[in-house]
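Structural overview
What follows is each chain in one-letter form.
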Amino acid sequence: AVPYNALAPELSDNSQERENIYFTTNVFGMLGTMIGAISPPALETAGLSKELSFMIVGLFFGLYFVVTILNIARNIGERSEGYEDTKGVPLVPSTLRSFSNQGFRILLMSWFIDAIGVYSLSSVLPFFVQYYLQPVKAGISWLTNEIFLGMALMALFIAALVGMPFWKW
């Protein structure tokens, strides 16, 4: 199986176009995450049970994923030019060769630090909301920990969406 992120080089040889492809996928990925974070509490507030809310959101995103992947598989073909005379490249030597590239090492470290920050925040935020902020003690009947967490995630993702164009330019 080819990794999902490896598709952009197949779509374009132009680095600016590939950057636009990755930028667009990140924006839509962020919007999808926001919808996924907001939808279950919103459906609960509308009167559905927690289980039914998550099932509806899961079915929606599952169907959306299947339809979009089938669309990609149907409309984007694999390139045939340039691959006829290539031999298989050994995995270990080519991987080790990547680490001798200074640009790759800088990008890998940047990605690693970014991932540590994002995953640390996303794993600690529910506990921070429940045990430190304690929004249920505010006395607002509809403000549960889950709804407040959804609102906090929405604010985080909106800030990320607003900041995303600054990374592009």
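Everything discussed here concerns the structure shown above.
Being a predicted model, the structure only gives us computed values, none of them experimental. (Residues numbered from 1 in each chain as written. Predicted model: local features only at pLDDT ≥ 70, side-chain atom pairs only at ≥ 80, totals over all residues. Heavy atoms only, no water.)

1. Examining helix α5 (residues 102–133)
To keep things clear, this is the line we draw: Counting from the N terminus, the helices are the DSSP runs of H or I reaching at least four residues and the strands are the DSSP runs of E reaching at least two. Take the residue count of a helix, subtract one, and multiply by 1.5 Å to get its expected span. Bend angle per residue: angle between axes fitted to the 7 residues ending at that residue and the 7 residues starting there. Working definition: with a 1.4 Å probe on protein chains only, accessible area under 20% of the residue-type maximum means buried, over 50% means exposed, and in between means partly exposed. Under the rule applied, a polar contact is a pair of N or O atoms within 3.5 Å (in protein, one hydrogen donor and one hydrogen acceptor; residues adjacent in sequence only if both atoms are side-chain atoms).
Taking 1.5 Å per residue as the helical rise, α5 with its 32 residues ought to reach 46 Å, and the 43 Å between its terminal C-alpha atoms agrees with that figure. The axis of α5 is deflected most strongly, by about 35°, at V124, and proline P126 appears within four residues downstream. Taken together, the buried positions of α5 are occupied by A115, L125 and V129. The N-capping residue of α5, defined by a side-chain oxygen 2.9 Å from the backbone nitrogen of G103, is N101. Looking one or two places after α5, you find Q134, whose phi comes out positive at around 45°.

2. With respect to the nonpolar core
Soluble, globular proteins show a tendency: their nonpolar side chains are buried together. Using the following cut-off: For our purposes a nonpolar core is just a set of buried Ala, Val, Leu, Ile, Met, Phe, Trp, Tyr and Cys residues, chained together by side-chain atoms within 4.5 Å. Whether two residues are in contact is decided by their heavy atoms, any of which lying within 4.5 Å being enough.
By size, the foremost hydrophobic cluster in this structure holds ten residues: V27, M30, M34, A37, L125, V129, L149, L153, F157 and M164. Taken together, the elements giving at least two residues each to this core come down to α2 (15–45), α5 and α6 (145–168). Those residues in contact with L125 that lie beyond four places of it in its chain are L149, A152 and L153.

3. Some thoughts on the packing of aromatic side chains
We describe a pair of aromatic rings using the distance from one ring centre to the other and the angle between the two ring planes. Applicable threshold: Working definition: a ring pair exists when centres of Phe, Tyr or Trp rings (six-membered ring for Trp) sit within 6.5 Å. Plane angles under 30 degrees give stacked, over 60 give edge-to-face, the rest tilted.
Using the criterion set out here, one finds five aromatic pairs in the structure. Between the aromatic rings of F60 and Y64, the centroid separation amounts to 6.5 Å while the plane-to-plane angle is 20°, which identifies the pairing as stacked. Here Y64 and F60 lie together in helix α3 (residues 50–75), a separation of four residues that amounts to about one turn. A ring pair is formed by F127 and Y131, whose centres lie 6.5 Å apart and whose planes are at 5°; its orientation type is stacked. Note that F127 and Y131 are positioned in helix α5 at a spacing of four residues, about one turn of the helix. For the pair formed by F127 and Y131, the shared burial category is exposed.

4. Section: a nonpolar patch on the surface
The condition that has to hold: Patches draw on residues past 30% relative accessible area with no salt bridge. Two like charges within 9 Å are joined, as are two nonpolar side chains (Val, Leu, Ile, Met, Phe, Trp, Tyr) within 5 Å. Only the protein chains shown count as covering a residue, and every accessible area follows the Shrake-Rupley method with a 1.4 Å probe. The working definition used for a salt bridge is a side-chain nitrogen of Lys or Arg within 4 Å of a carboxyl oxygen of Asp or Glu.
On the surface, F99, F104, L108, M109, W111, F112, I113 and I116 cluster together into a nonpolar patch covering about 800 Å² of accessible area. Structurally, the position occupied by M109 is in helix α5.

5. Regarding the packing of α2 against α3
Defined as follows: Here an axis means a line fitted to C-alpha atoms, over the contact stretch when the element is a helix, while the angle between two N-to-C directions is reported on a 0 to 180 degree scale. For classification purposes, angles smaller than 35 degrees are called roughly parallel, those larger than 145 roughly antiparallel, those between 65 and 115 roughly perpendicular, and all remaining angles oblique. For any helix crossing, the convention is left-handed if the near helix is rotated counterclockwise from the far helix by under a right angle, and right-handed if that rotation is clockwise. Three residue categories are used. Nonpolar comprises Ala, Val, Leu, Ile, Met, Phe, Trp, Tyr, Cys and Pro, charged comprises Asp, Glu, Lys and Arg, and polar comprises the others, including Gly.
Where α2 meets α3, the closest approach of the two axes is 8 Å, and the angle between their N-to-C directions is 150°. In this view, α2 runs roughly antiparallel relative to α3, as classed from their interaxial angle. The two elements α2 and α3 cross, and the hand of that crossing is right-handed. Listed contacts from α3 to G32, I35, G36, S39, P40, L43 and E44 of α2 are K50, S53, F54, I56, V57 and F61. Its residues assigned to classes, the contact of α2 with α3 shows seven nonpolar, four polar and two charged.

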